[in-house]
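One-letter residues, chain by chain:
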Amino acid sequence: MERISLLGIVILGFAGFLGSVQADLKLGFYGESCPKAEKIVLDYVKKHIPNAPSLAAALIRLHFHDCFVRGCDGSVLINSTSSNQAEKDGTPNLTLRGFDFIERVKSVVEAECPGIVSCADILALVARDSIVVTGGPFWNVPTGRRDGLISNSSEAVSDIPRPVNNFTTLQTLFANKGLDLNDLVLLSGAHTIGVSHCSSFSNRLYNFTGVGDEDPALDSEYAANLKARKCKVATDNTTIVEMDPGSFRTFDLSYYTLLLKRRGLFESDAALTTNSGTKAFITQILQGPLSSFLAEFAKSMEKMGRIEVKTGTAGEIRKQCAVING
């Protein structure tokens, strides 16, 4: 699929920085230091994810949220302490799942190669492998990331895209991380296997502008169905809703079809159709074969996985993913 250039001129300084990052990450980074590492991760995922397939979407979301704050450095995995509220306790991260799964994978890898494989790399590998094991696309995961030493909830609040974001905010947050509008559309495609709590979008159903109204950008029939069958009261914060109804376990194009029918669940989903360039890209995706989308999605995932990575002697290799080494 031909990628549409939507952001115009690339900032050369950032491109040079990204190039230097790419030189530090490489496929098979642990080939000599821990040759079984990637197979250990994949085997664990193959054994456990089929029993809990909904975790695949949760794990790719965990990777996404990690990369948007201080880069892909495993900082989202760190626990808060008495003196620091960590990312995982920031508002955008309160519904994240999969922390225990990553910690269990880390413990198996540590048993084979103590102090060698970073939590940041384990998270990136698990996110990819869990999608593949549940029938989704494969993408390359170059490794060599180091684990970060800083995790602040305030940065999660400021840096992570939110379900209520409009197009301008989404564009800015993605551009801040070197991602363009193609990446915004493609990475949003992961919502094809997502689920959400009513609380993430109930304002669209019950109180969009503060006067008890519905979001006019949401298909009225779909809104009525959600209120009748799922989010029956505005205060429901426990009910789970499929983001791609009827197809939420399949990595396909139906999420984009729903967007053009004004049936995207989040305001941030609907926002993708408010810009002529991103709407045209959605139409292009739908006109092409699924294989083209999956190939483009894979490129954007690999690109996201390189955001602001720490390599060489930066950061550390955590012994436990939730705790900075003492």
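Residues numbered from 1 in each chain as written. Predicted model: local features only at pLDDT ≥ 70, side-chain atom pairs only at ≥ 80, totals over all residues. Heavy atoms only, no water.

Novice: Requested: an account of the overall build of the chain, with residues and values cited.
Specialist: Of the regular secondary structure elements, the chain holds 14 helices and 2 strands. In terms of overall dimensions, the chain has C-alpha extents of about 55 × 45 × 35 Å along its principal axes. In the chain, which comprises 326 residues, the proportion classed as buried is 49%. A separation of at least 24 residues holds for 76% of the contacts in the chain among residues at least 6 apart in sequence. By element, 54% of the accessible surface of the chain is carried by carbon and sulfur atoms, the whole surface being about 14,200 Å². Averaging the positions of the 33 positive and the 35 negative side-chain charges in the chain gives two centres separated by 3 Å. (Helix = DSSP H or I, 4+ residues; strand = E, 2+ residues; numbered from the N terminus. Buried < 20%, exposed > 50% of the residue type's maximum accessible area, 1.4 Å probe, protein only. Contact = heavy atoms within 4.5 Å. Areas by Shrake-Rupley, 256 points an atom, 1.4 Å probe, with all protein chains shown as cover. Lys, Arg positive; Asp, Glu negative; His and termini not counted. Charge placed at Lys NZ, Arg CZ, Asp CG, Glu CD.)

Novice: A description of helix α8 (residues 181–188) should follow, citing residues and the corresponding values.
Specialist: Where burial is concerned, most of α8 is hidden: 8 out of the 8 residues are buried. If you check which residues of α8 are buried, you get Leu-181, Asn-182, Asp-183, Leu-184, Val-185, Leu-186, Leu-187 and Ser-188. Turning to α8, the residues buried within the fold contact α7 (167–175), α11 (254–260), α13 (276–287) and α14 (290–304). The distance from a side-chain oxygen at the start of α8 to the backbone nitrogen of Asn-182 is 3.0 Å, and the residue carrying that oxygen is Asp-180. (Polar contact = N/O pair within 3.5 Å; in protein donor to acceptor, adjacent residues only side chain to side chain.)

Novice: Any details on the state of the cysteines? Residues and values, ideally.
Specialist: Under the criterion given, the structure shown has 4 disulfides. Here Cys-34 pairs with Cys-113 through a disulfide, and the sulfurs are 2.0 Å apart. Between Cys-34 and Cys-113 the disulfide shows an S-S torsion of about 85 degrees. By sign, it is right-handed. One end of the pair, Cys-34, is in the loop between α1 (12–24) and α2 (37–48); the other, Cys-113, is in the loop between α4 (99–112) and α5 (119–133), with 79 residues separating them in the sequence. Note on accessibility: Cys-34 and Cys-113 belong to one class, buried. Covalent S-S linkage joins Cys-67 and Cys-72, the inter-sulfur distance amounting to 2.0 Å. The S-S bond linking Cys-67 to Cys-72 shows a torsion near 115 degrees; that makes this disulfide right-handed. Residue classification places Cys-67 among the buried positions, given a relative accessible area of 0%. (Disulfide = S-S within 2.5 Å.)

Novice: Break down empty space enclosed by the protein for me, with residues and values.
Specialist: Under the counting rule described, the total for this entry stands at 1 cavity of 30 Å³ or more. In this model, the largest cavity occupies a volume close to 40 Å³. (1 Å grid on protein atoms, 1.4 Å probe; cavity = no way out; pocket = protein on both sides within 12 Å on 5 of 7 lines; lining within 4 Å. Points joined across faces, edges and corners; volume = space filled by probe spheres on them.)

Read these as spatial facts, not as claims about activity.
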